[in-house]
Amino acid sequence: MAQEPRAPQPIDPVLVVIPTYNERENLTPILRRLHEALPSVHALVVDDGSPDGTGELADKLAADDKRVHVLHRTEKAGLGAAYVAGFRWGLERDYLTIVEMDADGSHAPEDLPRMLDALGDADLVLGSRYVPGGSVVNWPKRREILSRGANLYSRLALGAKVHEFTAGFRAYRRQVLEKLELDEIASRGYCFQIDLAWRTLQAGFEIVEVPITFTEREIGESKMSSSIIFEAAFKVGVWGVQHRWEQLRRVFRR
């Protein structure tokens, strides 16, 4: 039987959460591009006490533009914690869509209108490099191989039809973040992205992937580390085993 089409649901207002740590040179250009692409969206800069003055710059930008907001955190506690803090800030207000986006320019704000359009058929939209039409620019080959391998591993381990679990450019409907147990999320770095996508699927929500062009940052350094890679590999393996065990238990209960 054909699935009933989803009734249109509003997505505005939209909040774009942008974590920062030493992104002073990137912040102004990315906010300008964001508002050129989507003039009505709001941005929340979540700064982890950047020593280069990113937080102070964000305050100045916010003072001049009511669409820009700033959340200051006193220490660098990781990407996942910064996003959770941003999600909570957005959920305490009336935003219906909350977006994750990097400050370094690797995520093109110009791709965001297509991602928001796709929310008509989804609860979470992933901006994916690894679906037809997606691409990477100026990325070292070893990083691309590592990324593709991590996503293939995640897809096989979890048995899910998601091409890019690690996508860091994504748009959530409010009800997804309201249902997920944000207090339970301890994953850091790129494992955080896999964790939330997996929790979204487990909660019965619909995920759609939209092709994007990912461009390696021109200014600053990547936050990737071996500990982040190990965390992701270990946790995904555990989640996969747990998922298959639950599937077996359901079979034996019949």
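All of these numbers come straight from a predicted model, not from anything done at the bench.

**Looking at the packing of helix H1 (residues 24-37) against helix H2 (residues 54-64)**
What describes two packed helices is the angle between their axes and the distance between those same axes.
Step number 1: The contact between H1 and H2 brings their axes to 9 Å, and the two run at 25°. Taken together, the axis directions place H1 and H2 in an arrangement best described as roughly parallel. Crossing hand, H1 versus H2: right-handed. Together, Arg-24, Leu-27, Thr-28 and Leu-31 of H1 and Thr-54, Leu-57, Ala-58 and Leu-61 of H2 make up the contact between the two elements.
Step number 2: Split into classes, the residues belonging to the contact of H1 with H2 amount to 5 nonpolar, 2 polar and 1 charged.

**Here we look at the pairing of strand S5 (residues 124-128)**
Step number 1: With respect to burial, S5 is a largely interior element, 5 of its 5 residues being buried.
Step number 2: Pairing between S5 and strand S7 (residues 170-173): 3 bridges, direction antiparallel. If you follow Leu-124 over to S7, its bridge partner there is Tyr-172.
Step number 3: Where S5 meets strand S8 (residues 207-211), 5 bridges bridge the pair, whose relative direction is parallel.

**Examining helix H3 (residues 79-91)**
Step number 1: For H3, spanning 13 residues, the distance from its first C-alpha to its last is 18 Å, which sits close to the expected 18 Å at 1.5 Å a residue.
Step number 2: Most of H3 is tucked away, with 10 of its 13 residues classed as buried.
Step number 3: Buried residues of H3: Gly-80, Ala-82, Tyr-83, Val-84, Ala-85, Gly-86, Phe-87, Trp-89, Gly-90 and Leu-91, and no others.

**Let's talk about the pattern of salt bridges**
Step number 1: Using the criterion set out here, one finds 12 salt bridges in the structure.
Step number 2: Ionic pairing is found between Asp-48 and Arg-73, a salt bridge with its closest N-O pair at 2.7 Å. Taken together, the residues Asp-48 in the loop between strand S2 (42-47) and H2 and Arg-73 in the loop between strand S3 (68-72) and H3 connect sequence positions 25 residues apart.
Step number 3: For Glu-184, the salt bridge identified is with Arg-199, shortest N-O distance 3.6 Å. Residue Glu-184 is found in the loop between helix H6 (174-179) and helix H7 (189-202), and its partner Arg-199 is found in helix H7; the two are separated by 15 residues along the sequence.
Step number 4: Residues joined by salt bridges that share partners form a network here, namely Lys-141, Glu-144 and Arg-148.

Thresholds applied
- Residues numbered from 1 in each chain as written.
- Predicted model: local features only at pLDDT ≥ 70, side-chain atom pairs only at ≥ 80, totals over all residues.
- Heavy atoms only, no water.
- Axes fitted to C-alpha atoms, helices over the stretch in contact; angles between N-to-C directions.
- Helix = DSSP H or I, 4+ residues; strand = E, 2+ residues; numbered from the N terminus.
- Parallel < 35°, antiparallel > 145°, perpendicular 65-115°, else oblique.
- Left-handed = near helix turned anticlockwise from the far one by under 90°.
- Contact = heavy atoms within 4.5 Å.
- Nonpolar A, V, L, I, M, F, W, Y, C, P; charged D, E, K, R; others polar.
- Buried < 20%, exposed > 50% of the residue type's maximum accessible area, 1.4 Å probe, protein only.
- Pairing = 2+ DSSP bridges.
- Expected span 1.5 Å × (residues − 1).
- Salt bridge = Lys/Arg side-chain N within 4 Å of Asp/Glu carboxyl O.

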